[in-house]
Amino acid sequence: MIINNVNLVLEDQVVKGSLEVQDGVITAFADTSSQLPQAINAEGGWLLPGLIELHTDNLDKFFTPRPKVDWPAHSAMSSHDALMVASGITTVLDAVSVGDARDGGHRLENLEKMITAVVNSGKAGLNRAEHRLHLRCELPHESTLPLFEKLMHTEVLSLVSLMDHSPGQRQFATPQKYREYYQGKYNLNDDQMEAFQEEQIQNSLRWAKPNRYAIAEHCRNLGIALASHDDATTAHVEESRALGSVIAEFPTTEEAARASHACGLQVLMGAPNIVRGGSHSGNVAAHHLASLGILDILSSDYYPASLLDAVFRIANDDSNDFTLPQAVGLVTRNPARALSLQDRGVIAEGKRADLVLARAHADHHYVQNVWRQGIQVF
């Protein structure tokens, strides 16, 4: 396969030329056009490495499209996979929650069903993107550690994040924000909310610390990449680094983001945060961290199409120093390196031919074609 007349977004520059793929691997690229008649004419679009998504909750939406509605696993997985590749994502870590803020939540109920779907569909060769697993461990929960220990040997497990969403911890350092979020989520009246809040505080005091240390130790022993989640202070970051974290997911303050970046943790923020212009939780804005040069990875989080959109927004934003190759690195090279995936994430000879052809219409950038290991999947 040859792709011609395309802007190749390389690791450190953009070159207009052509690219050749054989047996699923990039074999050559040049700053000249190919004269071979079978070459695909990209008509001046941008060719990027396949996007790498480390934290998406999208799978959960297809398994439970409405409250109390369970969808068949094969259909849910297929629809989720289709949306991933349509968004330019060729490697995706499906994030599933181990433990939940509220016992009996649908995420907890769907846990085994979702993991089985990810594993089995991959083994059967049904997926167009490569799907791996990200376990989001809700620490203030009695069942979290035993559930994690049951799942920690899953062969496609690539990332574990440690979360504490109880009142006063990390994401919800402001009590009012906590109440607004969970009263709306669970339709609780004031008395029910008071009881729920107190229960979560007690659960955190009892389970969060021992679960945090036990799960981190398992990850170190098994060589699984570990991520912090919603760190708010330098003390949080120091604890995360000491536990072996390599990624700082969604730090909620500039202080935590600066401390994470300074000690070598890859700072991951939400692409929707870039597209919307700020955090829906009122925390530090991703574009602000980009302007400070302390943003390393973007995740689509709850909206897959935001990943490509955010890349071009950052590259075209005069408030930061990101070039287009550097912005693309936030969703390709950097997440690949964080997970030690040496075979992908850049356009270079010998790398996997996971590729995205992107085009622009007015100010909107969209995915035209996607290849995974040289095979067109969109």
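It should be noted that the structure appears before, not after, this text.
Since we're looking at a predicted model, the values are computed, not measured.

## Observations regarding the pattern of salt bridges
Stage number 1. As enumerated under the stated definition, the model contains 15 salt bridges in all.
Stage number 2. Glu43 is paired through a salt bridge with Arg359; the nearest N and O atoms lie 4.0 Å apart. Of this pair, Glu43 sits in the loop between strand E4 (40–41) and strand E5 (46–49) while Arg359 sits in strand E14 (residues 355–361), placing them 316 residues apart in sequence.
Stage number 3. What makes Glu43 exposed here is its relative accessible area of 52%.
Stage number 4. Accessibility expressed as a relative area gives 17% for Arg359, which makes it buried.
Stage number 5. A salt bridge links Arg344 to Asp343, with the nearest nitrogen and oxygen atoms 2.9 Å apart.
Stage number 6. Its relative accessible area of 7% is what places Arg344 among the buried residues.

## Describing the side chain of His131
Stage number 1. Within the fold, His131 resides in strand E8 (residues 130–138).
Stage number 2. Within the structure, the side chain of His131 is placed 2.7 Å from the side chain of Asp81, a separation counted as a polar contact.
Stage number 3. Polar side-chain contacts of His131 include one of 2.8 Å to the side chain of Asp94.
Stage number 4. Not counting residues up to four positions away in its chain, the partners in contact with His131 are Met77, His80, Asp81, Met84, Val92, Asp94, Val118 and Val156.

## Some words on the environment of Val118
Stage number 1. Among the structural elements, Val118 can be located in helix H3 (residues 106–123).
Stage number 2. On the basis of relative accessibility, which here comes to 2%, the residue Val118 falls in the buried class.
Stage number 3. For the pair Val118 and Asp94, spaced 24 residues apart in sequence, the C-alpha to C-alpha distance is 8.0 Å.

## What about the nonpolar core?
The tendency in soluble globular proteins is for nonpolar side chains to be buried as a group.
Stage number 1. Leu289, Leu295, Leu298 and Ile314 are the most contacted members of the largest nonpolar core, which totals 38 residues.
Stage number 2. Counting contributing residues, this core receives three or more from each of domain 1 (1–48 + 343–377) and domain 2 (50–341).
Stage number 3. Ranked by size, the runner-up nonpolar core spans 30 residues in total, among them Met114, Leu133, Ala208 and Cys219.

Reading the values: the criteria
Residues numbered from 1 in each chain as written. Predicted model: local features only at pLDDT ≥ 70, side-chain atom pairs only at ≥ 80, totals over all residues. Heavy atoms only, no water. Salt bridge = Lys/Arg side-chain N within 4 Å of Asp/Glu carboxyl O. Helix = DSSP H or I, 4+ residues; strand = E, 2+ residues; numbered from the N terminus. Buried < 20%, exposed > 50% of the residue type's maximum accessible area, 1.4 Å probe, protein only. Polar contact = N/O pair within 3.5 Å; in protein donor to acceptor, adjacent residues only side chain to side chain. Contact = heavy atoms within 4.5 Å. Core = buried A, V, L, I, M, F, W, Y, C linked by side-chain atoms within 4.5 Å. Domains from an automatic or database assignment.

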